[in-house]
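Notes for the structure review
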Amino acid sequence: MLWFLTLTQSCNLACKYCGSSENFDIEDLSPHPREISFDLNLLKRIQKDPDPVIAFYGGEPLLKMRLFKQIMELIPNAKYVLQTNAILLSKLKTEILHKFDCILISVDGDEKVTDYNRGEGTYQKVLENIRNIRERGFKGDLIARMTISEVSDIYTDVLHLISLGLFDHIHWQIDCLWDSEMTARWKDFYKWRDEIYNPGITKLAALFIEELRKGNVLPIVPFLGLLSSFIEGKKATLRCGAGRTSFNITTGGYVNACPVAPEFDPISKLDDDFDPNSVRDSVFIGGLCNDCEILDKCGGRCLYTNKNMWWGKKGFRAVCNTVKHLVAQMDEILPEVKDLAQKKVFDMDLMNYPKYNNTCEIIP
Ligand code: SF4
Ligand code: SF4
């Protein structure tokens with residue numbers, strides 16, 4: 001199972017779309033204090049999960065890098081994932097760096113787009129630190145994790161990040177449905193969706209199949225995740241696994257379904273009797289997803305937004321339009337992808353991604 005571990009609620013950036021610094025006072029959200037307040041030794045209980053993945057999360061987890069070694073020693077049978085803004089990445093000890101199987105770096109596209117959302121100088125610092133860890137021999141999966149907003153052009157931003165040659169994979173989430181009404185951060189979501197985002201996905205899908213014909217598998221996570229599961233032919237369940245096979249351990253030592261949902265009632269608490277297997281399959285997607293004609297392909301996109309409906313039904317459906325468009329694009333290229341796979345034109349192992357839940361939600 002996947003275990004997010006929220007190491008702190010503090011962050012050293014103040015990105016435009018992040019609720020942690022502006023929308024509510026986390027200090028007041030007991031039982032989730034700003035810093036870890038439980039006995040770290042209780043994390044040993046996670047060892048009872050036969051196949052644990054631990055994702056260090058925040059806030060900014062590198063602010064707590066002094067805890068990494070201790071936690072890694074407490075759960076030695078885990079795979080380790082880091083989700084970070086990378087500002088302090090060059091300060092991480094090489095010995096610890098190499099223990100990560102996967103690092104997801106927050107970056108939104110080129111310098112202009114990234115710095116607009118994350119603050120001036122962020123893009124250059126992030127690239128400098130990525131080069132630093134590559135020079136120090138980091139060979140794990142390095143993922144550009146984009147947050148897509150109204151200034152984003154998905155086609156050019158994804159291609160820019162691929163062209164840097166620094167990342168193994170590119171993934172994104174749209175800044176939608178999280179924490180406030182649609183108009184809080186969007187001037188015109190519908191216009192952006194119909195004129196920029198959906199057409200950009202169409203162009204990316206066309207490029208993807210064009211490259212596949214030459215044997216190149218573009219490392220675009222939502223495409224790989226969907227196509228590989230469509231080839232496998234299994235009905236999708238919520239792809240991020242929240243509430244079923246993915247959980248968050250809060251700073252207060254509570255276990256909940258998702259790291260961005262501190263306001264949800266905890267499912268369990270980390271104590272001397274905690275059994276990680278007891279929380280499996282605790283929460284399920286519902287509401288509008290239950291009647292959706294592509295539920296078996298989508299899986300439900302996001303448990304948190306499915307439950308809280310920040311944008312109302314109309315707004316929720318407006319986002320689902322992007323999911324349906326993405327799925328339709330993948331459906332359209334699927335027969336040729338299968339044909340090329342059968343002819344061994346490309347390496348199917350590169351398409352089968354991710355190999356385990358490394359925190360990429362697949363559906364943006
Ligand atoms: S497209 Fe929307 S309604 Fe349909 S399953 Fe996905 S998230 Fe749910
Ligand atoms: S996709 Fe939604 S439910 Fe799943 S981990 Fe992300 S925020 Fe939580």
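- The name given to the chain in an unreviewed UniProt entry is Radical sam domain containing protein, with the source organism recorded as Anaeramoeba ignava.

**Focus: a negative patch on the surface**
- The grouping of Asp39, Asp271, Asp272 and Asp273 at the surface amounts to a negative patch.
- Position of aspartate 271 among the secondary structure elements: in the loop between β9 (268–269) and α9 (295–298).

**Quick notes on the site of ligand 2**
- Contacts to ligand 2 come from Trp178, Cys240, Ala242, Cys258, Val260, Arg301, Cys302, Leu303, Tyr304 and Glu361.
- Among the residues forming the shell around ligand 2, the class breakdown is eight nonpolar, no polar and two charged.

**Considering the pattern of salt bridges**
- Using the criterion set out here, one finds 18 salt bridges in the structure.
- Close ionic contact of arginine 185 with aspartate 175 constitutes a salt bridge, the shortest N to O distance being 2.8 Å. Taken together, the residues span a long stretch of sequence, with arginine 185 in the loop between β6 (169–174) and α7 (189–213) and aspartate 175 in the loop between β6 and α7 at a distance of 10 residues.
- Classification of arginine 185 as partly exposed rests on a relative accessible area of 27%.
- Look at aspartate 175 and you get buried, because its relative accessible area is 3%.
- Among the salt bridges present, the one from aspartate 179 reaches arginine 185, with a minimum N-O distance of 3.0 Å.
- Taking relative accessible area as the criterion, aspartate 179 reaches 13% and is therefore assigned buried.
- Within the structure, one salt-bridge network assembled from shared partners comprises Asp175, Asp179 and Arg185.

**Quick notes on the pairing of β6**
- For β6, the buried fraction is high: six of the six residues fall into the buried class.
- Neither face of β6 is left uncovered, since the one carrying His169, His171 and Gln173 and the one carrying Ile170, Trp172 and Ile174 both have all their residues buried.
- Of the crossover connections in this fold, the one passing from strand β5 (residues 141–148) over helix α6 (residues 154–163) to the parallel β6 is right-handed.

**Here we look at the packing of helix α8 (residues 221–232) against helix α11 (residues 312–342)**
- Following both chains from N to C, one finds α8 and α11 inclined at 60 degrees, their axes separated by 10 Å at the closest point. As far as their axial angle goes, α11 and α8 are oblique. Our pair here, α8 against α11, has a crossing hand that is right-handed. Packed against α8, whose contacting residues are Pro222, Phe223, Leu226, Leu227, Phe230 and Ile231, the element α11 presents Leu326, Val327, Met330, Asp331, Ile333, Leu334, Val337 and Lys338 at the interface.

**With respect to unusual backbone geometry**
- Across the junction of glycine 58 and glycine 59, the peptide omega takes the value 15 degrees, indicating a cis bond.
- Note the cis peptide between tyrosine 353 and proline 354, where omega equals -5 degrees.
- Residue position: proline 354 is located in the segment after α12 (348–351).
- Even without a glycine there, the phi angle at arginine 301 is positive, about 60 degrees.
- Here arginine 301 shows up in the loop between α9 and α10 (303–308).

Rules used throughout
Residues numbered from 1 in each chain as written. Chains lettered and ligands numbered in written order. Predicted model: local features only at pLDDT ≥ 70, side-chain atom pairs only at ≥ 80, totals over all residues. Heavy atoms only, no water. Patch = residues over 30% accessible without salt bridge, like charges linked within 9 Å, V, L, I, M, F, W, Y side chains within 5 Å. Areas by Shrake-Rupley, 256 points an atom, 1.4 Å probe, with all protein chains shown as cover. Salt bridge = Lys/Arg side-chain N within 4 Å of Asp/Glu carboxyl O. Lys, Arg positive; Asp, Glu negative; His and termini not counted. Charge placed at Lys NZ, Arg CZ, Asp CG, Glu CD. Helix = DSSP H or I, 4+ residues; strand = E, 2+ residues; numbered from the N terminus. Near = heavy atom within 4 Å. Nonpolar A, V, L, I, M, F, W, Y, C, P; charged D, E, K, R; others polar. Buried < 20%, exposed > 50% of the residue type's maximum accessible area, 1.4 Å probe, protein only. Right-handed = clockwise from strand over helix to strand, strands pointing away. Axes fitted to C-alpha atoms, helices over the stretch in contact; angles between N-to-C directions. Parallel < 35°, antiparallel > 145°, perpendicular 65-115°, else oblique. Left-handed = near helix turned anticlockwise from the far one by under 90°. Contact = heavy atoms within 4.5 Å.

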